[in-house]
Amino acid sequence: MNTQEEMRMICKCQNCSAALFFKPKSGMLECDACSTAYWPTQFEEETTSEGEMQVDYYTCTACGAELAVNGVETSTFCSYCGQPTVVFDRVSSAKRPEYIIPFSVSKEEAVGLIRNYIERGNFVPKEIKDFEVERVRGIYIPFWLYDVEYEDTQFLSGSVGSGKSEHTEYFMRRAQVTFHNMTLDASKQLNDGVSQRLEPYDTRGLCDFHSAYLSGFYADCFDYQADDMEGLAIYRCRNLFNEEIKKTISADGIKVEANNPHINVYDRKYAMLPAWFMTFRYQNVPYTILVNGQTRKVVGAVPYDQEMAKTRMFAITTLLSLVLLPVMYFLLMLAGEDDEIIKIVFALVGAAFICWQSGMKKMKNLKNSIERTRESAMNSFVKDRQE
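Residues numbered from 1 in each chain as written. Predicted model: local features only at pLDDT ≥ 70, side-chain atom pairs only at ≥ 80, totals over all residues. Heavy atoms only, no water.

S.K.: What am I meant to see in the overall build of the protein here?
M.R.: The helix and strand tally for the protein stands at eight helices and 16 strands. A burial count over the protein gives 43% of its 387 residues as buried. A fraction of 72% describes how many contacts in the protein between residues 6 or more apart in sequence connect residues 24 or more apart. For the protein, the exposed surface amounts to about 21,000 Å²; the carbon and sulfur share of it is 51%. (Helix = DSSP H or I, 4+ residues; strand = E, 2+ residues; numbered from the N terminus. Buried < 20%, exposed > 50% of the residue type's maximum accessible area, 1.4 Å probe, protein only. Contact = heavy atoms within 4.5 Å. Areas by Shrake-Rupley, 256 points an atom, 1.4 Å probe, with all protein chains shown as cover.)

In structure tokens, the structure reads:
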């Protein structure tokens, strides 16, 4: 492949030949040198043969540096001079997305959202609150979008009543629903739990893909085929369908005893959806926080000061013990055989247990979220783009 031919297809200003950047605020390609602006559709699409997905090296036409491009990356920056480089060979006919949701959240907005998110966190170390802005990158994530018709007739059981009157009842439900643009992350490197938390995207914002939208951002091609993801799309549709069915039944412990689903995946599309990634290090461990580049939703957890958290939890537990135990003892002494007061005592005990259990659950969720935030695969996804 001719390197210079490949690199001359960068989106450049027709007025001064400087590199253009897609600006989320205006939705246009803008030249920082002469302030000229263009609609992305003003640039003609270039097509090439597909070729293998591998790591290739190109020479930056702006500064002459050698540029390494990830084998699944469709656009990148020069690591030395920062010129946005659109690698059209990675947007060939076989890999070219059909749709894209362009960034509508700017880098400055993403930084502000992340700062607010971190400031609201509990026991956040000061070093993290002063993170480096240079480590924020906009990346288009590859998604498969599925249209699924789901119909099912279900026989369900559930427990109704309480005490001696508790018994099992049976229910029948039949429904049909169409899931339009069910989104599934098609990147192996990005944790599915993280990408799902970024959702939902408003797919009404989808527009026809054009390479110019990539200028100034990173993007990766899919490395899961649509067929590979179809089973997962059906699984997610089934779970959503069952959740809605159960909401129509007033019972506990609802179970599907028998059902007869009919499923038709009638369309699937390849699209790129926007997200901002901010990676930082704390005690030499990498963490990543994401911002949905369309909806402004912030995803990720930051490490907390464990000593401060333990001290605070100990203080709260001690305070509750000093207040709650004497009150319970007084009520029991006062109660005698009064069933109503005894019930109040048990209600207090139950409330205290629920609060403790809720706190433990939140702590567990926080730890799981932190693990996803710091996992090595996530770090690899953004590592080369941060330096």
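S.K.: What should I look at first to understand the nonpolar core in this one?
M.R.: Nonpolar side chains in soluble globular proteins tend to end up buried together. The biggest cluster of nonpolar side chains holds 61 residues, and the ones touching the most others in it are Ile118, Tyr140 and Tyr146. Taken together, the elements giving at least two residues each to this core come down to strand 1 (20–23), strand 2 (28–31), helix 2 (107–119), strand 9 (136–160), strand 10 (167–185), helix 5 (226–246), strand 14 (262–282) and strand 15 (285–292). Of all the elements, strand 9 adds the most residues to this core, at eight residues. Apart from the residues within four sequence positions on either side, Tyr146 is in contact with Phe179, His180, Asn181, Met182, Leu184, Ala226, Met229, Glu230, Ala233, Val265, Asp267 and Arg268. Of all hydrophobic cores here, the second largest spans 18 residues; its members include Phe77, Leu206, Ala271 and Ala275. (Core = buried A, V, L, I, M, F, W, Y, C linked by side-chain atoms within 4.5 Å.)

S.K.: Help me understand the environment of Gln154, please; the structure alone is not making it clear to me.
M.R.: Tracing the backbone shows Gln154 in strand 9. Taking the C-alpha atoms as reference points, Gln154 and Ile245, separated by 91 residues in sequence, lie 8.9 Å from one another. Among all residues touching Gln154, those that are not within four sequence positions of it are Phe171, Met172, Arg173, Phe241, Asn242, Ile245, Val256, Ala258 and Asn259. Among the polar contacts made by the side chain of Gln154, one reaches the side chain of Asp152 at a distance of 2.9 Å. (Polar contact = N/O pair within 3.5 Å; in protein donor to acceptor, adjacent residues only side chain to side chain.)

S.K.: Help me out: how do you make sense of the packing of aromatic side chains in this one?
M.R.: Given two aromatic rings, their pairing is described by the distance between the two centres and the angle made by the two planes. Evaluation of the coordinates by the stated rule reveals twelve aromatic pairs. Ring geometry for Phe217 and Trp276: centres 5.8 Å apart, planes at 65 degrees, overall edge-to-face. With Phe217 in the loop between strand 11 (207–208) and strand 12 (218–220) and Trp276 in strand 14, the pair connects residues that are 59 residues apart, well separated along the chain. As far as the burial class goes, Phe217 and Trp276 line up, both buried. Arranged with centres 4.7 Å apart and planes meeting at 90 degrees, the rings of Phe222 and Tyr270 form a pair that is edge-to-face. Highlighted residues: Phe222 in the loop between strand 12 and helix 5 and Tyr270 in strand 14, separated in sequence by 48 residues. Owing to a relative accessible area of 5%, Phe222 belongs among the buried residues under this scheme. Feature note: the residues Phe22, Phe103, Tyr140, Tyr213, Phe217 and Trp276 constitute an aromatic cluster, connected by ring pairs. Directly above the aromatic system of Tyr224 lies the positively charged group of Lys188, at a separation of 5.6 Å from the ring centroid. (Phe/Tyr/Trp six-rings, centres within 6.5 Å; stacked < 30°, edge-to-face > 60°. Lys NZ or Arg CZ within 6 Å of the ring centre and 35° of its normal.)

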